[in-house]
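In case you want the letters, here they are:
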Amino acid sequence: MKKIQIKRLICGILSAILILLSLVSCSSSKKLGEPLMKLGGEQITVNMYQLWLSRVKGAYGGADDSVWDEETEDGRTYNEIFTDFVKQNAITFICALHEFDELGLKLPKDRINEIDEVMQTMLEERGDGSKTTLNGILSQYGVNYDILREIYIIEEKLNYLGEYLYGANGAEKITETIRNEYYHDNYVRIQQIFLYTANKPVTDDEGNYVYDENGYVKKRDYTEAEIAEQEKKADQIMTSLTAGQSFELLMASQNEDPAASSYPNGYYFARSSQYVEEVITAAFEIGENEFKMVRSEYGIHIIKRLPLDENGYAVSANQDFFSNFEETLKTEVLTARLSKYEKDIKIDEDLLAKYDIKSSSANTVY
């Protein structure tokens, strides 16, 4: 993690949203800790916030704490970015709990029973049947048995809210119009001609990959002369494209991208997609049918941005790029719906300032 890139940071944040979705408290009971945020009859406590911080830090377990002091391209430290992320999600989630109440929803008893079964199993397996023992373990993350149980109840409330609004029989359907608007606002489609300058897979005389003793494809480095040759080849391709030669024809004859044949419709990316950062950045910078050459640690990428095809997210051949499309869209729609409550939240900013990612314990279990 010593060299976290902005693209990987954003991907981590999107993954952490799913982690944090379970971490809000609505109880006003003092046993759940000192209030940090309040909205209507809901509140988030310091203890809940500590757990959120610990879970996000746990997602990057093994990193030296000094990494949190490193600055990103916008001048902020990773500690500031991730801590602010936790705060913003806490704001979103307390709004969700308020909406749950406004809609008059109740969590079904069978879901509470399932949570109690999970807690009982945890008590037996991790606490040897003793709440005191289990609370000793949980205390490093700011919680105890009762607070953790409350968290799991809230997780189910938030899941239930999403199902109620946007599930198969939801009160508010996500229409194809909404899907297409989100698709066109957040995705690009490209083709690329890729040339290796490092870590090229080794193949045999028949073009099959050669594997090492651990089952991984062998890679080889490039010499300076080979890199210079690849650079020359890339310049020639760019010259041909500028002269009007077909991108598709050049891609067919010059491309070294081993995955290209698997995606005949091209690559589809959102800004948070897990791919080469330089490629995604460039894809969003150029206009449709424009092309650009970018370099990465892997090689040279000559990309062309294509118009988005209609309903591309629903095409089976494209599903590798849209596996999380529906859930991400639902999150976006719900977040927009809940934002109307943000102005009414009361936050103890002095108390909030005492807690951050860096000073939290890394939690990968609870």
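Below you will find a few notes about this structure. The written sequence of each chain sets the order in which its residues are numbered from 1. pLDDT decides what is reported in this predicted model: residues at 70 or higher carry local features, side-chain atom pairs at 80 or more are listed and counted, and totals for whole chains, interfaces and linings draw on all residues regardless. Hydrogens and water molecules were not included; the side-chain quantities draw on all heavy atoms of the structure.

**Overview of the overall build of the protein**
- Labels follow the DSSP assignment, with helices taken as runs of H or I lasting at least four residues and strands as runs of E lasting at least two, numbered in each case from the N terminus. Helix and strand counts for the protein come out as twelve helices and nine strands.
- Once the C-alpha set of the protein is aligned to its principal axes, its extents read approximately 70 × 45 × 40 Å.
- The buried label goes to any residue with under 20% of its type's maximum accessible area, the exposed label to any with over 50%, and the partly exposed label to all in between, with areas taken from a 1.4 Å probe on protein chains only. By the burial criterion, 45% of the 366 residues in the protein qualify as buried.
- Should any heavy atoms of two residues lie within 4.5 Å, those residues are considered in contact. Here the analysis covers contacts within the protein between residues at least 6 apart in sequence; of these, 71% occur between residues at least 24 apart.
- The protein chains shown are the only cover counted for residues, whose accessible areas, like all others here, come from Shrake-Rupley with a 1.4 Å probe. Taken as a whole, the protein presents about 19000 Å² of accessible surface, with 46% of it coming from carbon and sulfur.

**Comments concerning the sheet that holds strand S3 (residues 188-196)**
- Any two strands with at least two DSSP-identified bridges between them are counted as paired. Pairing within the open sheet is antiparallel, and its four strands lie in the order S6-S3-S8-S7. The open sheet terminates on both sides in strands that have one partner only, identified here as strand S6 (267-269) and strand S7 (291-295). For this sheet the average axis-to-axis angle between neighbouring strands, irrespective of direction, equals 35°.
- Here eight bridges tie S3 to strand S8 (residues 299-306), and the two strands are oriented antiparallel to one another. Looking across to S8, one finds that Ile190 is bridged to Arg305. Working convention: axes come from line fits to C-alpha atoms, limited for helices to the stretch in contact. Angles between N-to-C directions cover 0 to 180 degrees.

**Some words on the environment of Ser261**
- Within the secondary structure, Ser261 sits in the loop between helix H9 (247-254) and S6.
- Once the C-alpha coordinates of Ser261 and Glu125 are considered, the two residues, 136 residues apart in sequence, prove to be 49 Å apart.

**A word on the environment of Leu148**
- You can see Leu148 is positioned in helix H6 (residues 145-166).
- Taking the C-alpha atoms as reference points, Leu148 and Leu51, separated by 97 residues in sequence, lie 9.1 Å from one another.
- In contact with Leu148, not counting residues within four places along its chain, are Leu51, Met119, Met122, Leu138 and Tyr366.

**Points about the pairing of strand S1 (residues 35-39)**
- The pairing of S1 with strand S2 (residues 42-45) spans four bridges and is antiparallel. Each bridged residue has a counterpart across the sheet, and for Lys38 the counterpart in S2 is Gln43.
- Examined bridge by bridge, S1 and strand S9 (residues 346-347) share two bridges and lie antiparallel to one another. Following the sheet pairing, Lys38 is matched in S9 by Lys346.

**A word on the packing of aromatic side chains**
- The aromatic pairing rule takes the rings of Phe, Tyr and Trp, using the six-membered ring of Trp, and pairs them if the centres are within 6.5 Å, calling planes under 30 degrees apart stacked, those over 60 edge-to-face and the rest tilted. Counting across every chain of the model gives 24 aromatic pairs.
- Ring centres of Tyr183 and Tyr313 lie 5.3 Å apart, and the angle between their planes is 80°; this geometry places the pair in the edge-to-face category. Here Tyr183, found in helix H7 (residues 176-186), pairs with Tyr313, found in the loop between S8 and helix H11 (325-338); they are 130 residues apart in sequence, far enough to count as distant. Taken individually, Tyr183 and Tyr313 each receive the classification buried, so the pair is uniform in this respect.
- Ring-pair connections join several aromatic residues into one group, and the members of that group are Tyr182, Tyr183, Tyr187, Tyr263, Tyr267, Tyr268, Phe269, Tyr275, Tyr313, Phe321, Phe322 and Phe325.
- Across from the ring centre of Phe284, 4.0 Å away, lies the NZ or CZ of Arg271, which sits over that ring. The rule for a charge over a ring is simple: NZ of Lys or CZ of Arg within 6 Å of the ring centre, and within 35 degrees of the ring normal.

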